[in-house]
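Coordinate inspection notes
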Amino acid sequence: MRTITVRRRHPAAGYAVVLLGLLLAGLGYAAVTGVGAAAAAAHSVSGGPLIAEGRSIFNQECSSCHGDFAQGTPTGPSLIGVGSASVDFQVGTGRMPAKELGAEQPRKPVTLHPQEIRALAAYIASLGGGPAIPTKAEVSTAGANPGLGQQLFVADCAQCHNFDGAGGALTQGKFAPALTKSTPRQIFEAMLTGPEAMPVFNNTTITPQQKRDIIAYITQTRTEPNPGGFSLGRIGPVTEGLVAFLGLLLFMVFAAMWITAKHGKAHD
Amino acid sequence: MSIDRALSGTGSWLDDRFRGAKGFRAVLRKLYPDHWTFLLGEVALYSFVILLLTGTFLALFFKPSMTEVVYHGVYTKLDGLKMSEAYASTLKISFDVRGGLLMRQIHHWAALLFVAAILAHMLRIFFTGAYRKPREVNWLIGLVLFTLALLEGLFGYSLPDDLLSGAGLRITQGVLQSIPVVGTYLSFFLFGGQYPGHSIIPRFYILHVLLIPGFFLALIGAHIFIMYHQKHTQMPSKGRTNTNVVGAPAWPYFAVKTTALFLFVFAATTLASTFVQINPIWIYGPYNPLAISAGSQPDFYVGFLEGSLRIMPAWQWVIFGHTFAFNVFIPALLPLGIIMTAAALWPFLEQWITGDRREHHINDRPRNAPTRTALGLAAVSFYGVLWAEGANDVIAQHFNISLFLVTWIARVAVFVVPVLAYIITKRICLGLQIKDLHLLEHGVETGIIRQLPSGEFIEETRPVSDEALAKLARPAPLPLPAGRADGEEEDVPPPGARRGVGRVKARLNKVLTESVPVNGHGANGQGDGHGPAEHGAGAEHVRAAIGSPEHEAQDADGHSGGQE
Amino acid sequence: MTDSTAGPRSGDSEHDGGPLPGQAAIGSAGTEPTEPRKRVIGTPPPAQARSMLGAPAPGTVGGPPVPRPRELPADPADLPSAKRAERVVAACFLIATVAGLGFIAAYVIFPVNTVLAVQHSNWALGLTMSLVFLALAIGATIWVRNLIPHVELTEARKPLRSSDQDREAFKESFEAGTDASQVVRRPLLRRTLIAASVPAALAPIMLLRDLGPLPGKSLDHTVWRKGLRLLNYGGNTPIRPGDFSSPGGMITVVPDGYQDDFNALAKAASIIIKFAPGQLDFTTANHPVPGKVVENWTVDNIVAYSKICTHVGCPAALYEQTTHHILCPCHQSTFDAVRGAKVIFGPATRALPQLPMTVNAQGYLVARHDFTEPVGPSFWERGSTS
């Protein structure tokens with residue numbers, strides 16, 4: 001202690017304290033957060049009949065975790081029966097191929113070309129069937145009813161994804177992702193296949209028309225203008241409270257200081 | 001001049017009937033001490049005025065009814081959906097009435113600013129000791145106003161009957177229901193039967209626009225009148241004593257300044273309402289008891305209650321066919337109860353412990369009451385941990401921390417952080433006192449170095465200016481209890497302080513009044529603002545060679561007593 | 001009362017309709033004012049003419065009152081900078097004027113017929129209104145800081161405590177009044193008054209009795225009963241187990257006929273979850289067993305739980321397929337769906353009640369009977385359950 005006290009007026013003392021503080025804050029934060037995703041490298045494969053192509057891609061990109069015949073291993077579940085829709089969703093959102101094992105596979109930059117994804121999907125579908133990639137007509141929101149979509153969304157989706165599709169926290173480090181970047185087809189596929197922790201909403205539980213209503217609700221909500229001004233991420237009262245303190249109250253403090261300030265005087 | 005004409009015309013017409021000349025002259029000439037922290041209460045007041053104005057506008061359009069209607073309006077996404085009239089009329093105000101959205105947003109931002117300003121004002125009063133005699137009653141009125149503000153806000157944001165505030169309503173009902181013996185009755189009486197029923201929105205409406213504003217007007221009136229009658233406190237400064245008021249007269253100074261502040265408050269809330277969206281109920285959708293969203297929080301001022309509910313472990317007793325739902329009514333009642341009760345009792349507790357029953361019209365600098373300031377910050381950090389836990393899922397999501405871990409951290413922090421806050425704040429206050437004393441004893445460093453004939457280098461100091469002297473000087477210590485001479489150590493405590501309650505009181509007194517002593521006396525942080533003459537500090541031109549043994553010895557002497 | 005001061009300007013005189021100032025022939029106390037006398041130009045006014053010593057000095061008897069010293073300086077100390085400030089303040093007020101007119105124009109010009117139009121209208125109205133207040137506020141602040149001369153005045157504070165005489169006088173008056181009122185002297189009066197006020201005070205409380213019905217046993221039951229179909233909320237269609245066949249599926253269900261009844265839904269809303277064979281931890285008992293799923297109440301590995309969280313009643317609907325956790329987003333109570341929705345974290349103290357299900361003749365999922373325990377938050381009258 002005495003060494004620290006004696007050096008308290010050293011020119012570098014202030015910097016040392018700040019560095020120590022930063023170090024402690026950083027260590028503390030690292031201790032409690034999950035680690036982010038790693039970057040993916042680009043890849044290209046060409047040629048061959050679709051399923052064969054798919055198999056070759058599978059062997060290169062997926063078999064190490066999912067097994068040589070997609071039967072599953074301790075690090076990756078079986079893909080038999082998951083259907084082309086699952087593959088299109090997982091690979092099309094960049095979640096797969098996973099670069100590291102974690103509580104959750106977040107959306108990442110896509111590493112395979114659309115042609116490759118189709119091939120892979122066809123291969124997996126050939127192994128055991130499962131939900132198919134929806135057609136364009138199936139995911140078209142023309143004529144859909146976003147009001148009905150709203151009712152369904154708040155009853156079955158908002159508790160994880162938030163009214164606005166902003167996402168939410170789940171247990172054990174998992175998250176329901178934000179729906180800001182999901183395409184209508186990806187939303188349809190996610191409902192149909194129940195990726196990771198998400199429940200399965202097959203076509204007899206939530207009909208394709210209802211799915212289209214939900215998609216219309218999601219896409220309309222995320223693109224609609226914010227008439228009241230900047231939306232603060234539509235997070236809600238938490239951010240509004242922060243703005244009230246750090247914006248409004250602080251502004252009032254400055255105004256009060258200005259109003260009552262005495263004219264320039266020498267201060268000690 | 002037209003002022004003469006107005007005064008002799010209208011003015012004398014009124015005076016003929018009310019004899020107002022003398023009284024109003026006193027109003028015009030009343031002196032108002034000036035400091036920016038004194039304006040925080042006014043910010044709250046003017047936020048309230050804005051709430052009244054915008055609220056009146058909203059009340060002209062809002063329909064406080066839970067009757068189901070089918071929506072047809074500008075917000076086409078919800079077209080054809082069934083919803084309550086309350087929700088539909090709020091959509092109408094937002095989208096179909098020009099200026100309606102602006103008024104709604106101003107109303108809500110003003111409500112947030114209202115509570116934030118009350119909190120800031122309350123903390124200012126606490127940390128400067130302005131709640132002391134003769135202002136204890138005003139402090140209590142202020143606490144009631146704070147509680148009313150929380151309720152008023154809760155009722156207000158529940159009126160649109162949207163999914164977010166409806167979830168909060170469900171939680172309120174669940175909490176109410178859990179109260180032993182009377183819970184279910186309270187819930188059924190408030191909601192007019194089973195939840196949600198059809199009565200709660202109209203009932204909240206009348207509470208929100210009539211009953212509570214009525215209480216507000218009466219209590220705010222009393223609050224301001226008491227302040228007017230007792231005259232405002234003042235900050236320690238040159239020329240200010242406990243028996244005078246220094247300031248500028250109401251007319252024109254205070255009148256113009258307060259008008260400027262009102263305009264700033266209105267400008268700030270309107271700016272916020274133009275550029276920052278608040279409470280977008282159309283995104284939340286109409287309330288449905290089987291729907292809920294992730295990231296549901298109440299407005300910030302209810303946040304700490306929400307956090308208490310989240311932090312509480314599952315704990316209940318079922319005895320003889322009855323349930324004590326501790327997991328619900330403890331978080332609902334205990335944190336708020338502790339804070340409010342402690343706050344209400346504090347002025348009287350402090351009086352009892354310190355024996356200080358003098359009038360105080362000079363504010364303390366927070367550093368000069370280290371224990372009080374430390375206790376206050378411990379309370380603030382307790383409140384803060386609970387408030388942060390209220391947003392635990394938002395924190396977990398945005399900072400990538402596991403959800404349950406956030407709650408566990410909060411469960412530990414709610415006990416550890418206030419203790420840490422107390423210790424750290426106290427050390428900081430004592431440190432600042434040492435710095436002030438150093439300044440008083442050694443004067444201000446001028447940066448001019450002189451070499452003495454003996455070869456030593458010294459830095460010239462000049463005495464502290466009068467202004468700063470008045471600010472830095474410590475208020476006079478309280479006279480010691482009878483039976484002890486000045487400066488005598490407490491080998492034998494006075495008779496009252498030897499056993500039982502007296503002993504506890506003496507111990508508490510020692511802790512509460514702990515401060516860096518001035519000139520070796522046992523000084524405490526309480527007392528009225530006397531001038532510097534009593535201390536004789538800082539007036540001489542003190543020269544000390546920096547780094548010399550005398551300088552070090554001086555430091556050691558000045559700070560040896562009473563410092564832990 | 002006669003006016004006893006003379007002089008051309010007497011600030012304390014009452015204008016009693018008598019002689020006008022300057023013409024009053026009043027020079028000494030007690031003299032009644034006479035009719036106004038005409039004065040020849042050039043002659044001194046009557047008061048001066050009477051007095052051989054000239055006009056009395058201000059403040060003395062017969063003289064005018066002491067002119068009050070000017071209370072506040074009229075002009076600020078720094079006049080050039082005050083002139084600059086005046087221009088700035090005037091500019092601010094002009095901006096405010098223009099902005100105010102802009103507000104009126106914006107109100108007329110900007111319609112609110114679409115969401116985007118509302119946004120534009122909000123900007124226009126809000127910007128102009130903010131500018132009005134901001135410009136006025138800034139102008140007012142510069143005005144008080146730079147145009148009004150600075151003063152710092154001091155006045156005494158009297159102790160707030162009343163003087164002893166005042167206190168005595170108050171005490172006397174109060175006691176005199178109390179004595180005179182006889183309320184102390186005549187205990188019969190006093191006691192009967194107190195007696196009368198007790199029921200009068202209780203009357204308003206009695207009036208609140210009909211705020212709502214008594215809870216009775218209504219919290220113990222929901223609308224679920226034998227044979228009532230489970231409807232898939234939203235489309236409100238009945239459900240066949242074959243349709244809800246994907247393991248990991250979850251959906252909100254409501255009782256048939258009550259899909260629009262919020263009072264019913266606030267207790268009866270439920271969720272059904274489909275599991276793969278072998279996942280559920282069954283018990284063969286016909287009543288809830290802690291940590292177990294009642295097998296008789298499931299259909300084809302589909303289990304139904306109340307959606308109303310047992311903490312404070314939010315819908316506990318967040319279902320994680322991989323961990324089979326049911327998470328309530330309000331306060332993070334977490335329930336394990338394969339173990340009878342028992343609580344594994346969070347403030348809830350009781351498992352979500354399991355809804356007893358079976359299939360009816362048409363093959364749709366129906367309830368066997370109501371929940372065997374009250375759903376939702378705890379309450380005093382609730383006895384022990386799981």
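Computed from a predicted structure; not experimentally measured.

1. Things to note about the overall build of chain C
When helices and strands are tallied, chain C shows six helices and 14 strands. By the burial criterion, 40% of the 386 residues in chain C qualify as buried. Long-range contacts, defined as pairs at least 24 residues apart, comprise 55% of the intrachain contacts of chain C with a sequence gap of at least 6. Element-wise, carbon and sulfur atoms account for 61% of the exposed surface of chain C, whose accessible area totals about 20,900 Å².

2. Notes on the interface of chain C and chain B
Between chain C and chain B, the contact holds 83 residues from the first and 103 residues from the second. One can count two salt bridges joining chain C with chain B. Of all the elements in the fold, those that place two or more residues in the side of chain C that touches chain B are α2 (79-109), α3 (115-147), β1 (153-156), β4 (250-255) and α6 (262-268) of chain C. Element by element, the count of residues in the side of chain C that touches chain B is highest for α3 of chain C, at 17 residues. Looking at the side of chain C that touches chain B residue by residue, the classes come out as 49 nonpolar, 22 polar and twelve charged. Of the pairings in the sheet, the one linking strand β4 (residues 244-249) of chain B to β1 of chain C comprises four bridges and is antiparallel in character. Considered in β1 of chain C, the bridge of Val-246 of chain B is made with Thr-154 of chain C.

3. Regarding the sheet that holds strand β12 (residues 342-345) of chain C
Judged by pairing direction, the sheet is antiparallel, and its four strands sit side by side in the order β9-β10-β11-β12 (chain C) without closing on themselves. Edge positions in the sheet fall to β9 (318-320) and β12 of chain C, since each of these pairs with one other strand and no more. Each strand of the sheet is rotated relative to its neighbour by a mean of 35°, with strand direction disregarded. Both β9 of chain C and strand β10 (residues 325-327) of chain C contribute to a ladder of three bridges, which runs antiparallel. When the sheet's bridge partners are listed, Leu-318 of chain C is paired in β10 of chain C with Leu-327 of chain C. Most of the contacts of helix α16 (residues 403-442) of chain B go to β12 of chain C, to which it runs at about 70°, and overall it touches β10, β11 (334-336) and β12 of chain C.

4. A closer look at the packing of helix α6 (residues 136-158) of chain B against helix α13 (residues 326-354) of chain B
All names here are of chain B. Across the interface, α6 lies against α13 with an axial gap of 10 Å and an inter-helix angle of 175°. Judged by the inter-axis angle, α6 sits roughly antiparallel to α13. When α6 is examined against α13, the residues Glu-136, Trp-139, Leu-140, Leu-143, Phe-146 and Thr-147 are found in contact with a partner set consisting of Met-340, Ala-343, Ala-344, Pro-347, Phe-348 and Gln-351. Among the residues making up the contact of α6 with α13, the classes are represented as nine nonpolar, two polar and one charged.

5. So, the interface of chain A and chain B
Often the size quoted for an interface is simply the accessible area lost on bringing the parts together. With 60 residues of chain A at the interface, the matching set in chain B holds 74 residues. When chain A packs against chain B, the two sides together hide about 5,400 Å² of surface, and 70% of this comes from carbon and sulfur. For the interface between chain A and chain B, the tally reads one salt bridge. Residue Glu-224 of chain A is joined to Lys-77 of chain B by a salt bridge in which the shortest nitrogen-to-oxygen separation is 3.6 Å. The interface formed by chain A and chain B holds 18 residue pairs in polar contact (both at pLDDT 80 or more) in total. At the level of secondary structure, the elements contributing two or more residues to the side of chain A that touches chain B comprise α2 (13-32), α8 (146-156), α9 (158-161), β1 (168-169), α11 (208-223) and α12 (237-260) of chain A. For the side of chain A that touches chain B, the leading source of residues is α12 of chain A, giving 18 residues.

6. Considerations on the pattern of salt bridges
Enumeration according to the criterion identifies 26 salt bridges over all chains in this entry. The partner of Asp-179 of chain C in a salt bridge is Arg-185 of chain C, and the shortest N-O contact between them spans 3.8 Å. We classify Arg-185 of chain C as exposed; its relative accessible area is 53%. Among the ionic contacts, a cluster of salt bridges with common partners joins Arg-132, Glu-350, Asp-364 and Arg-372 of chain B.

7. Quick word on the side chain of Asp-356 of chain B
Inspection of the secondary structure assignment puts Asp-356 of chain B in the loop between α13 and α14 (370-389). For Asp-356 of chain B, the side chain forms a polar contact with the side chain of His-360 of chain B, separated by 2.7 Å.

8. Looking at the packing of aromatic side chains
Enumeration according to the criterion identifies 41 aromatic pairs over all chains in this entry. Ring centres of Phe-62 of chain B and Tyr-205 of chain B lie 5.6 Å apart, and the angle between their planes is 40°; this geometry places the pair in the tilted category. Residue Phe-62 of chain B is found in the loop between α3 (40-59) and β2 (68-70), and its partner Tyr-205 of chain B is found in helix α9 (residues 200-230); the two are separated by 143 residues along the sequence. Tyr-205 of chain B shares its class with Phe-62 of chain B; the two are buried. Aromatic side chains Phe-324 of chain B and Trp-380 of chain C sit 5.1 Å apart centroid to centroid with 85° between the ring planes, which places their arrangement in the edge-to-face category. One end of the pair, Phe-324 of chain B, is in strand β6 (residues 322-324); the other, Trp-380 of chain C, is in the segment after β14 (365-367), on a second chain. Among the aromatic residues, ring-to-ring pairing joins Phe-245 of chain A together with Phe-300, Tyr-301, Phe-304, Tyr-383 and Trp-387 of chain B into one connected group. Above the face of the Tyr-228 of chain B ring, Lys-30 of chain B is positioned so that its terminal group lies 4.4 Å from the ring centre.

9. Regarding the state of the cysteines
All names here are of chain C. Across all of its chains, the model carries one disulfide over all chains by this definition. Here Cys-314 is linked by a disulfide to Cys-330, with a sulfur-sulfur distance of 2.1 Å. Across the disulfide from Cys-314 to Cys-330, rotation about the S-S bond amounts to roughly -85°, and the bridge is consequently left-handed. Highlighted residues: Cys-314 in the loop between β8 (302-306) and β9 and Cys-330 in the loop between β10 and β11, separated in sequence by 16 residues. Residue classification places Cys-314 among the buried residues on the basis of a relative accessible area of 1%. In this model Cys-328 remains outside any disulfide bridge; the closest cysteine sulfur is found in Cys-309, 3.9 Å from its own.

10. What about the pairing of β8 of chain C?
Residues and elements named next belong to chain C. Across the five residues that make up β8, a large majority, five, are buried. Pairing of strand β5 (residues 270-274) with β8 involves five bridges; the strand directions are antiparallel. Its bridge partner being in β8, Ile-273 is matched across the sheet by Val-303.

11. Brief notes about the domain arrangement of chain A
Residues and elements named next belong to chain A. When its domains are assigned, chain A resolves into domain 1 (40-132) and domain 2 (134-238). When each unit is reduced to the centre of its C-alpha atoms, the spacing between domain 1 and domain 2 is 24 Å. Across the contact, 15 residues belong to domain 1 and 16 residues belong to domain 2. Buried surface at the junction of domain 1 and domain 2, summed over both partners, amounts to about 1,300 Å²; 48% is from carbon and sulfur atoms. Looking only at domain 1, the three residues that lose the most surface to domain 2 are Phe-89, Glu-104 and Arg-107, adding up to 42% of its buried area. Across the contact surface, domain 1 and domain 2 share one salt bridge. The salt bridge partner of Asp-88 is Arg-185, with a shortest N-O separation of 2.8 Å. Linking domain 1 with domain 2 are six residue pairs in polar contact (both at pLDDT 80 or more). For the side of domain 1 that touches domain 2, the per-class residue count stands at six nonpolar, five polar and four charged.

Definitions and cut-offs
Residues numbered from 1 in each chain as written. Chains lettered and ligands numbered in written order. Predicted model: local features only at pLDDT ≥ 70, side-chain atom pairs only at ≥ 80, totals over all residues. Heavy atoms only, no water. Helix = DSSP H or I, 4+ residues; strand = E, 2+ residues; numbered from the N terminus. Buried < 20%, exposed > 50% of the residue type's maximum accessible area, 1.4 Å probe, protein only. Contact = heavy atoms within 4.5 Å. Areas by Shrake-Rupley, 256 points an atom, 1.4 Å probe, with all protein chains shown as cover. Salt bridge = Lys/Arg side-chain N within 4 Å of Asp/Glu carboxyl O. Nonpolar A, V, L, I, M, F, W, Y, C, P; charged D, E, K, R; others polar. Pairing = 2+ DSSP bridges. Axes fitted to C-alpha atoms, helices over the stretch in contact; angles between N-to-C directions. Parallel < 35°, antiparallel > 145°, perpendicular 65-115°, else oblique. Buried area = accessible area lost by both parts, 1.4 Å probe. Polar contact = N/O pair within 3.5 Å; in protein donor to acceptor, adjacent residues only side chain to side chain. Phe/Tyr/Trp six-rings, centres within 6.5 Å; stacked < 30°, edge-to-face > 60°. Lys NZ or Arg CZ within 6 Å of the ring centre and 35° of its normal. Disulfide = S-S within 2.5 Å. Domains from an automatic or database assignment.

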